[in-house]
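The lines below spell out each chain.
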Amino acid sequence: MSVLVVGLSHKSAPVPTLERAVVSGDTLGKLLRDVFHADGVAGSLVVSTCNRVEVYAEVEKFHGGVSVICELLARHAAVPLAELTPHLYVHYEDRAVQHLLSVACGLDSMVIGEGQILGQVRQALRLAGEQGTLGRALSDLGSLALRAGKRAHAETGIDRAGASLVSVGLDAAAQHLRDVAPRAGAGSAPAGTLDGLSVLVVGAGSMSSLAVATAARMGAARLVVANRSASHAQRLAASVPAAVTAATADLSRLPAEIAAADLVVSCTGAPGHVITADTVRAALASRAPAGRPLVLLDLALPRDVDPAAAGLRGVSVIGLEEVRQGPHRGAHEEDVAAVRRIVAEELAAQVSADRAARVAPTVVALRAKAAEVVDAELARLAGRVPGLDARARREIAQSMRRIADKLLHAPTVRVKELAGSPGGDSYEAVLRVLFDLDPEAVQAVTRADAVAPGWPEGEVPT
C-alpha cells in the first residue's frame, strides 16, 4: 500500500470552483467511507477547509487509485469530473507525505504560517478515526504531520506576524473602511485598525471565535455575535474583553444588527447564503445615517453573503478571492526556510524508517531460519548423545543460540542501516539470496506485520 493524495486548493483553483467542490457535514463522512470501501483502497482521510479539499488514501495501484478518487470526489462535490479535473493535483508516496507535512506547517496556506490549519488537520484525522477509515499508513502519516506542525510553531517564528485568514481579512476590511470614510481622531491610528467601530460576527465556530478575538484586539468598540445557537453565541460574547461592549443576537434579527454595524464578518459553514441581498437591502433602509459605508467580510466556503449585495449603494463585499489577491502579512523568509528544513528532516527520517521497515521481515525470517537450524542440531545432538543431563542440554542450547545471535547481529544491524539509504532494497535481496531464505516465509512476516491496528476509534495523537 502507498499513500496517494488527490485534491484542489486556492493555488490550483479559483474560489468559485473551490466553493462548488467543498465537502462538509454528512457529505464529508460519506466521501470518507466511499473512498475507504473502494477496490484497492485500505484507508482514507479528507482535509476539507475554505482553502482546500484533499483526499488522502492508502492504495494498491496509482492509476486505479487516482481514477476512483477523482470520480468519488466529483460525485460527492456534485461537480462534473470534466470541470474538476483541470484544477486537481496528484501526489504519490514520498511527495504525498511531503505535501501533508507542508500543509500542516502552514506552508501551503493562503496566509503562509497561519496556525489554524494544524487544528484542521487534527480534526480531519479525528473524523477519519471516528469513521473507521484510517489505515496504518495514514495513521503514521497523521502523527508525522502533527509533529512537524508543532515543531514548525515551536522551533521557528513562522507565526510571529500573527497572521491568519481572519486577521488578513479584517485588516483589508478595516483599511477599506478607513479609505472610504476617514474617522475623526483616526489620523494617528495605525492603518487597518477597527478603533471605535461596531462589528457583527455571524456564526460561532472556530473562525468566528478567532474573528471576535481579533476584532477586539484591533480596537472594535462593540461586538455582536449572531448565531442559531444562543448558548454558543453567549459563550463567544463572554470571551470579549470588558473594555468592549458585547452582545448576542438571533439570526432573525440580522437586518437590524447589520443596520447598526460598520463591519459584518460571516463564517458559518452553512450550505447556502446566510446574508441575502434582500437582508442587506432591508438593513440599509433603517441605517443611520443613510449612506454610511458597510463592509461585509465573507470568510465562508461556500459563501455566506449573496454576491448581489455588492451592487447595493454603500456596500462593499470582501470575499476569499479578494483576501487571496490582497497584500498579506506573510511570514519572514528565514522562518519559511526554517520550516522547510523541518519538513525535509521529518520526511528524510520517515523515508529512511520506511526503507528500514521493509527489510525487517527479511531479518525476522533470517533469525527464524537460524532458530530452526539450532533446534534441528539440538534434536540431532539429543539423538546421538542420549545420556546428556538436563543442565548440560540447557547450557549447550544457550551456547548455540548465543553463537547464532552473535553471527547474525552485525549483518542484520548493518542491513537495516543500509536499507535506509537509496537503493536499500538491493541489500535486502542480497540477504535473501546469501541465506537462501524462503520468499513465502518473508511474505508471511510482512502480512502479519500489516495487520497492526491504527488509533482507537475517536483518538488522535495531540
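Structure shown above.
Worth saying up front: this structure is predicted, and the values here are computed from it rather than measured.

Q: Got a minute to help me understand the sheet that holds strand β2 (residues 41-48) in this structure?
A: Strand pairing within a sheet occurs via backbone hydrogen bonds; the two strands may be parallel or antiparallel. Strands sit in the order β2-β3-β1-β4 across an open sheet of four strands; the sheet is antiparallel. Two strands close off the open sheet at either side, each with one partner strand: β2 and β4 (89-92). Each neighbouring strand pair of the sheet contributes to a mean axis angle of 15°, computed without reference to strand direction. Sheet topology note: the strand β1 (residues 2-9)/strand β3 (residues 52-59) ladder contains eight bridges and is antiparallel. Of the residues in β3, the one forming a bridge with Val5 is Tyr56.

Q: I keep staring at the pattern of salt bridges and nothing clicks. Help me out?
A: Oppositely charged side chains can pair when the atoms bearing their charge come close. Counted under the stated rule, the structure contains 16 salt bridges. Note that Lys11 is salt-bridged to Asp108, the shortest N-O span being 3.1 Å. Remark: Asp108 occurs in the loop between α5 (94-104) and α6 (116-131) and Lys11 occurs in the loop between β1 and α1 (15-21); sequence separation between them is 97 residues. Salt bridges here are not isolated pairs; linked through shared partners, they connect Arg147, Arg151, Glu155, Glu345 and Glu346.

Q: Looking at this structure, how should I read a negative patch on the surface?
A: A cluster of acidic residues, Glu93, Asp94, Asp140 and Asp354, forms a negative patch on the protein surface. Secondary-structure assignment places Asp354 in helix α14 (residues 333-384).

Q: Even after reading the chapter, I still don't get the pairing of strand β9 (residues 294-298), so can you show me in this structure?
A: Residues in a regular strand point their side chains to alternate faces of the sheet. With five of its five residues buried, β9 lies for the most part within the structure. Burial of the side chains of β9 extends over both faces: Leu294, Leu296 and Asp298 are buried on one face and Val295 and Leu297 on the other. Two strands pair when backbone bridges link them, and strand β8 (residues 263-266) and β9 are joined in this way by four bridges, in the parallel orientation. Each residue of the ladder has a partner; that of Val265, found in β9, is Leu297. For the crossover that starts at β8, traverses helix α12 (residues 277-285) and ends in the parallel β9, the hand is right-handed. By the bridge criterion, four bridges tie β9 to strand β10 (residues 315-318) in an arrangement that is parallel. Considered in β10, the bridge of Leu296 is made with Val317.

Q: Is there a simple way to think about the sheet that holds strand β6 (residues 222-226) in this case?
A: Ordered in space as β7-β6-β5-β8-β9-β10, the six strands form an open sheet in which the pairing is parallel. The sheet is open, and its two edges are formed by β7 (245-249) and β10, each paired on a single side. Taken over all neighbouring pairs, the strand axes of this sheet differ in orientation by 15° on average, direction set aside. Along the sheet, helix α9 (residues 206-217) contacts β5 (198-202), β6 and β8; its crossing angle with β5, the most-contacted strand, is approximately 170°.

Q: What am I meant to see in unusual backbone geometry here?
A: Only a minority of non-glycine residues have a phi that is not negative, and only a minority of peptide bonds are not trans. For the peptide bond that leads from Ala288 to Pro289, omega is -10°, which places it in the cis range. Structurally, the position occupied by Pro289 is in the loop between α12 and β9. With an omega of 0°, the peptide bond between Leu301 and Pro302 qualifies as cis. Assignment of secondary structure puts Pro302 in the loop between β9 and β10. One non-glycine residue with positive phi stands out, namely Ala78, at about 60°. Examined against the element boundaries, Ala78 turns out to sit in the loop between α3 (62-77) and α4 (81-84). Look at Ala78 and you get exposed, because its relative accessible area is 61%. Here Glu93, not a glycine, exhibits a phi torsion of approximately 55°, which is positive. Within the secondary structure layout, Glu93 lies in the loop between β4 and α5. Here Glu93 falls in the partly exposed class, since its relative accessible area comes to 37%.

What counts and how
The numbering scheme is per chain: residues are counted from 1 as the chain's sequence reads. This being a predicted model, a pLDDT of at least 70 is required before a residue's local features are given, and a value of 80 or more before pairs of side-chain atoms are given or counted; all residues contribute to the totals for chains, interfaces and linings. Hydrogen atoms and water are omitted, and side-chain values are computed over all heavy atoms in the structure. Should DSSP find at least two bridges between two strands, the strands are regarded as paired. Labels follow the DSSP assignment, with helices taken as runs of H or I lasting at least four residues and strands as runs of E lasting at least two, numbered in each case from the N terminus. Simply put, an axis is a line fit to the C-alpha atoms, just over the touching stretch for a helix, and the angle between two N-to-C directions goes from 0 to 180 degrees. Note on definitions: salt bridges are taken to be side-chain nitrogens of Lys or Arg within 4 Å of carboxyl oxygens of Asp or Glu. Patch building starts from residues that exceed 30% relative accessible area and form no salt bridge, then joins like charges within 9 Å and nonpolar side chains (Val, Leu, Ile, Met, Phe, Trp, Tyr) within 5 Å. Values of accessible area rely on a 1.4 Å probe in the Shrake-Rupley scheme; residue burial ignores everything except the protein chains shown. Positive charges come from Lys and Arg, negative ones from Asp and Glu, while His and the chain ends are left out of the count. Every charge is mapped onto a representative atom, which is NZ of Lys, CZ of Arg, CG of Asp or CD of Glu. Any residue under 20% of the maximum accessible area for its type is buried, any over 50% is exposed, and the rest in between are partly exposed; the area is computed with a 1.4 Å probe on protein chains only. We call a crossover right-handed when, viewed with the strands running away from us, the connection from the first strand over the helix to the second turns clockwise. Residue contacts are defined here by distance: any two heavy atoms, one from each residue, within 4.5 Å place the two residues in contact.

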